[in-house]
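Per-entry structural report
Letter by letter, the chains look like this.
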Amino acid sequence: MLKKTARSGTFTDNMKLPVHRWFRYSAGFSAEWVNSEILKYQEETGNKAIVLEPFTGSGTTNISADSLKVKSYGFEGHPFIARIAKAKQLWDTSILDFDEAGKATLNYAMSIKSDTKIDRYKNDNLLGKCYSLESFEKLDRLKRAYEKLSTTEPVWELIRLNITSILRACSHVGTAQWQYVLPNKSKSKVLDPFEAFSGKLELMKSDMLHAVSSGWESCSKIEHQDVRRPFLTEKCNLLISSPPYPNNYDYADATRLEMMFWGEINGWGDLKEVVRPSLMRSCSQHSAADKIDLDEYISNPLLSPIKDEIADVTKQLDVIRHTKGGKKTYHTMIAAYFLDLAQTWVNLRNNMDKGSKICFVIGDSAPYGIHVPAERWLGDLALAAGFSEYSFEKLRDRNVKWKNRTHTVPLHEGRLWIKG
């Protein structure tokens, strides 16, 4: 007997769940809901699920599949987030080895002297704004210990994940709901880096023990992959995902603090080369940087099912943006976003079985107050790619409670169901 289907929810729900809670990534959904959908599919069809997750984020769907002993494939375009998702898949690593590596890292970090050059971080970049010198020195010592001791053994990816996961907790500045850093907002609770690392080590060990004792199986494969480009897996029969919404959220910027800490970027400008090339274009800064030819995009055959509508919407956006202070390039963002998804649907069709079931958790948008019916357009593009039918299940209203909202167009979120 199936339990009542869980709500899709948000990633916040997962912060109570073993392994899922190792890294908070707001762009996600409820793992308990994923579990319920996998079980429902298997009960209704009698088939063992083989799950595909083209926008895996920090690995929610894949970890849920592991907990049910179900094979899954996950692809993530953000290189930093993909590495985190792959690290979380190492939950079956030896707990003893992990404990020894963690204690060795902490002991080495506590034994070395602070780097006198660290003072340059004090005021001249995001790191200097987010940490006291004392906190940053300790975090830097943990980083240096990791770099000194780490090998190619998988356990060291877990140590790196531990350090990454405590960066926000050890900062005195706030974090917005969608993971943007707020340097001008302070918070009262700030953890000591060494204590935070030790506490996270114990939590991760406990979660690893829970996973092993509960009979999880490591049967998922995650890759850093831009799913707009062709990829190949075995044929999958269930897809559970939530693609980026066309709402101008900058996924690249969400991890700027962490990537600067590890030296992967030096500042915001580096995101253009390091992160954005393999991300969906759901952000106006991204589309502006790409210098998109709107007419060329609208004329692409992949957008033919929605050509008239998207041409009208993008034309309206191009006109209205010149009356706004920011003049944001929402018109090219919308064109690029749906072309990206059209290309993705073609690649998904090649990897999904004919009788497959797909669920996209998705929301519509209204940049500058011009409505974009995302779920309907995505459904039409899926049919053009070779899927058989679609329906939309509305879950909740959006943009109805914020007094400072920029427009009054009612929005919603729900599940787009596609049949293969």
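For the structure itself, look to the data block above.
What comes next concerns the included structure. These figures come from a predicted structure and were not determined experimentally.

Let's talk about the sheet that holds strand 5 (residues 220-224)
Strand order in the open sheet made by the seven strands is 5-2-1-6-7-9-8, with mixed pairing throughout. Lying at the two open borders of the sheet, with one neighbouring strand each, are strand 5 and strand 8 (389-398). Between one strand and the next, the sheet's axes are offset by a mean angle of 15 degrees, whatever the strand orientation. Examined bridge by bridge, strand 2 (residues 71-76) and strand 5 share five bridges and lie parallel to one another. Note on strand 5: the bridge partner recorded for Phe75 is Glu223. Strands in contact with helix 1 (residues 31-45) are strand 1 (50-53), strand 6 (236-241), strand 7 (352-363) and strand 9 (411-419); relative to strand 6, the strand with the most contacts, it is inclined by about 155 degrees.

Observations concerning the packing of helix 13 (residues 307-321) against helix 14 (residues 330-349)
At a minimum axis distance of 7 Å, the contact between helix 13 and helix 14 shows a crossing angle of 155 degrees. Looking at the two axes, helix 13 sits roughly antiparallel to helix 14. Between helix 13 and helix 14, the residues in contact are Ile310, Thr314, Leu317, Asp318 and Arg321 and Tyr330, His331, Ile334, Ala335 and Phe338, respectively. A breakdown of the residues in the contact of helix 13 with helix 14 according to their chemical character gives six nonpolar, two polar and two charged.

Some words on the packing of helix 3 (residues 79-88) against helix 7 (residues 155-165)
At their nearest, the axes of helix 3 and helix 7 sit 9 Å apart, and the two run at 120 degrees to each other. The orientation of helix 3 relative to helix 7 falls into the category oblique. In terms of crossing hand, the pair formed by helix 3 and helix 7 is left-handed. Contacts from Phe80, Arg83, Ile84, Ala87 and Lys88 in helix 3 reach Glu157, Leu158, Arg160, Leu161 and Thr164 in helix 7. Its residues assigned to classes, the contact of helix 3 with helix 7 comprises five nonpolar, one polar and four charged.

Overview of the pairing of strand 6
Summarising burial for strand 6: six of the six residues are buried, a large majority. Bridging between strand 1 and strand 6 involves two bridges; their strand directions are parallel. Within the sheet, the bridge partner assigned to Leu52 lies in strand 6 and is Leu239. As defined by bridge partners, strand 6 adjoins strand 7 across five bridges and the pair is classed as parallel. Paired with Cys236 across the two strands is Met352, which belongs to strand 7.

Some thoughts on the packing of aromatic side chains
Aromatic ring pairs are described here by two measures, namely the spacing of the ring centres and the angle between the planes. All told, the structure shown has 15 aromatic pairs when counted by the stated rule. Centre to centre, the rings of Tyr146 and Trp262 are 5.5 Å apart; their planes meet at 75 degrees, and the pair counts as edge-to-face. Taken as a pair, Tyr146 in helix 6 (residues 133-149) and Trp262 in the loop between helix 9 (256-261) and helix 10 (271-274) lie far apart in primary sequence, 116 residues in all. For the residue pair Tyr146 and Trp262, the accessibility class agrees, reading buried in each case. Ring-pair connections join several aromatic residues into one group, and the members of that group are Tyr131, Phe136, Tyr146, Trp156, Phe261 and Trp262. Seen from the ring of Trp262, Arg160 lies directly overhead, with NZ or CZ sitting 4.5 Å from the centre.

Quick look at the pattern of salt bridges
Within this structure, the stated rule accounts for 21 salt bridges. One salt bridge connects Lys71 with Glu234, and the closest N-O pair in it is separated by 3.0 Å. Here Lys71, found in strand 2, pairs with Glu234, found in the loop between strand 5 and strand 6; they are 163 residues apart in sequence, far enough to count as distant. A relative accessible area of 30% means that Glu234 is categorised as partly exposed.

Cut-offs used in this document
- Within each chain, residue numbers correspond to sequence positions counted from 1 in written order.
- The predicted nature of this model means local features are confined to residues of pLDDT at least 70 and side-chain atom pairs, given and counted, to a pLDDT of 80 or more, with totals for whole chains, interfaces and linings taken over all residues.
- The side-chain figures draw on all heavy atoms in the structure; neither hydrogens nor water molecules are used.
- Strand pairing is assigned whenever DSSP identifies at least 2 bridges connecting the two strands.
- By the criteria applied, helices consist of DSSP H or I runs no shorter than four residues and strands consist of E runs no shorter than two, each listed in order from the N terminus.
- Where helices are involved, their axes are fitted lines through C-alpha atoms of the stretch in contact, as for all axes, and angles between N-to-C directions lie from 0 to 180°.
- By the convention used here, residues are in contact when the closest approach between their heavy atoms is within 4.5 Å.
- An angle counts as roughly parallel when it lies under 35 degrees, as roughly antiparallel when it exceeds 145, as roughly perpendicular when it falls between 65 and 115, and as oblique in every other case.
- Residues were grouped as follows: Ala, Val, Leu, Ile, Met, Phe, Trp, Tyr, Cys and Pro as nonpolar; Asp, Glu, Lys and Arg as charged; and all remaining residues, including Gly, as polar.
- If you view the pair so one helix is near and one far, a crossing is left-handed when the near helix is turned anticlockwise from the far one by less than a right angle, and right-handed when it is turned clockwise.
- Note on classification: 1.4 Å probe, protein chains only; a residue is buried when its accessible area is under 20% of the maximum for its type, exposed when over 50%, partly exposed between these limits.
- Side-chain rings of Phe, Tyr and Trp (the six-membered ring for Trp) are treated as a pair once their centres are within 6.5 Å; stacked means planes under 30 degrees apart, edge-to-face means over 60, and tilted covers the remaining angles.
- By definition here, charges over rings are those cases where NZ of Lys or CZ of Arg is within 6 Å of the ring centre and within 35 degrees of the ring normal.
- A pairing counts as a salt bridge when a side-chain nitrogen of Lys or Arg comes within 4 Å of a carboxyl oxygen of Asp or Glu.

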